[in-house]
Amino acid sequence: MKALQFSAYGGPEVLTVGDAPEPHAGPGQVRVQVRAAGLNPLDWKLRAGYLSQGAPLEGPGRTGFEAAGVVDEVGEGVTGTAIGDDVFGLGNATHAELAVLDAWAAKPASVDWAVAAGAGVAVETAIRGLDLLGVGRGSTVLVDGGAGGVGAVAVQIAVSRGATVVASAGEANQGYLTEIGALPVLYGEGLAERVRAVAPQGLDAVLDVAGKTPPTTLASMVADPAQALTIAQFDLGDSGIRLTTGGEIDRAAALAEGARLLQSNDLVVKVQTFPLERAREAVEISESGHVRGKLVLLP
Ligand SMILES: NC(=O)c1ccc[n+]([C@@H]2O[C@H](COP(=O)([O-])OP(=O)(O)OC[C@H]3O[C@@H](n4cnc5c(N)ncnc54)[C@H](OP(=O)(O)O)[C@@H]3O)[C@@H](O)[C@H]2O)c1
């Protein structure tokens, strides 16, 4: 089968499309014929070798942590999903014609393949962050980095829960933040003052999805620093803010919530699609750090 791969850590130029062995669904997994697969910053961090802790690459490297497709193999112990079902969700090495998923939900018929493919990681991460912060009706939350893959989904899910959402982005994305229901502010120096100006009632929670604002600044915006949570920075010093890297929620339930929101149009994921053969162009956009919505590959 055709797959995106690399034989050495490096820049986008190491990526090639070539033949790879077909994966098979293990216990609790399904295999899908991939219709579309989302791109995430983790893909280029993996390909650049940032996750290898100096160890050399063993065998061809593969990318992709989410996909949407048609189930063609069901692993032992899986119930409620059958061959032929349309699903989307989370897995590994999904930038290929076939991929194994370990958490998934049914794809609503009205939701485009590319949208579903790009929703998996963002939905799971956004719901995890909002749940850990207890964001719900009546909360006021800042999503720092609200126009990106995770950010735009977090903004819309928080809005759908009845929260007041302040979100930061660059100049070009201020209108987009308004479109998805947030009170927009510019990120960078002076962020806390700008947030206070649009939310004088104060913040109940801060969700940092960009990893750019200093942890002490994030902590200063809430009464209790533990009400600031980051998904994207690891050196938090003694700021008291929290980090989530995964594992705290039921991923399939989160994906099912995402599917419901996509179907009801309470969640809209903007996608830009690229054929697998032009993956490098998509990866270069991802590495620029200024993505609006999601980049999606079509095998
Ligand atoms: N811990 C986890 O479980 C987890 C899960 C998923 C992702 N992540 C990490 O979370 C980060 C975001 O992922 P993503 O997929 O949302 O990335 P993305 O789609 O590339 O979005 C990045 C966003 O960051 C914004 N941004 C750039 N500079 C900023 C600044 N100084 N202040 C605030 N925002 C800024 C950009 O806004 P403009 O375009 O307006 O400049 C852009 O919308 C990545 O580091 C990723 O690896 C972690």
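Residues numbered from 1 in each chain as written. Predicted model: local features only at pLDDT ≥ 70, side-chain atom pairs only at ≥ 80, totals over all residues. Heavy atoms only, no water.

By the naming in an unreviewed UniProt entry, the protein chain goes by NADPH:quinone reductase and is assigned to Friedmanniella luteola.

Caption draft 1: Geometry of the domain arrangement of the protein chain. According to the domain assignment, the protein chain consists of domain 1 (2-107 + 269-298) and domain 2 (125-243). Each partner contributes residues to the interface: domain 1 has seven residues there, and domain 2 has nine residues. Summed over both sides, the interface of domain 1 with domain 2 buries roughly 590 Å², with 43% coming from carbon and sulfur. The largest contributions to the domain 1 side of the interface with domain 2 come from Lys-270, Arg-292 and Gly-293, which together make up 60% of the buried area. For the interface between domain 1 and domain 2, the tally reads one salt bridge. In this structure, Lys-270 and Glu-179 form a salt bridge, with 2.9 Å as the shortest nitrogen-oxygen distance. (Domains from an automatic or database assignment. Contact = heavy atoms within 4.5 Å. Buried area = accessible area lost by both parts, 1.4 Å probe. Salt bridge = Lys/Arg side-chain N within 4 Å of Asp/Glu carboxyl O.)

Caption draft 2: Focus on the sheet that holds strand S8 (residues 140-144). Read across the open sheet, the six strands follow the order S10-S9-S8-S11-S12-S13; overall the sheet is parallel. At either end of the open sheet lies a strand with only one pairing partner, and these are strand S10 (183-186) and strand S13 (242-243). Of the strand pairs in this sheet, S8 and strand S11 (residues 205-208) are connected by four bridges, and their pairing is parallel. Counted as the bridge partner of Val-141 is Ala-205 from S11. On top of the sheet, helix H5 (residues 191-198) reaches S8, strand S9 (164-169) and S10; it is set at about 155 degrees to S10, its chief contact. (Pairing = 2+ DSSP bridges. Helix = DSSP H or I, 4+ residues; strand = E, 2+ residues; numbered from the N terminus. Axes fitted to C-alpha atoms, helices over the stretch in contact; angles between N-to-C directions.)

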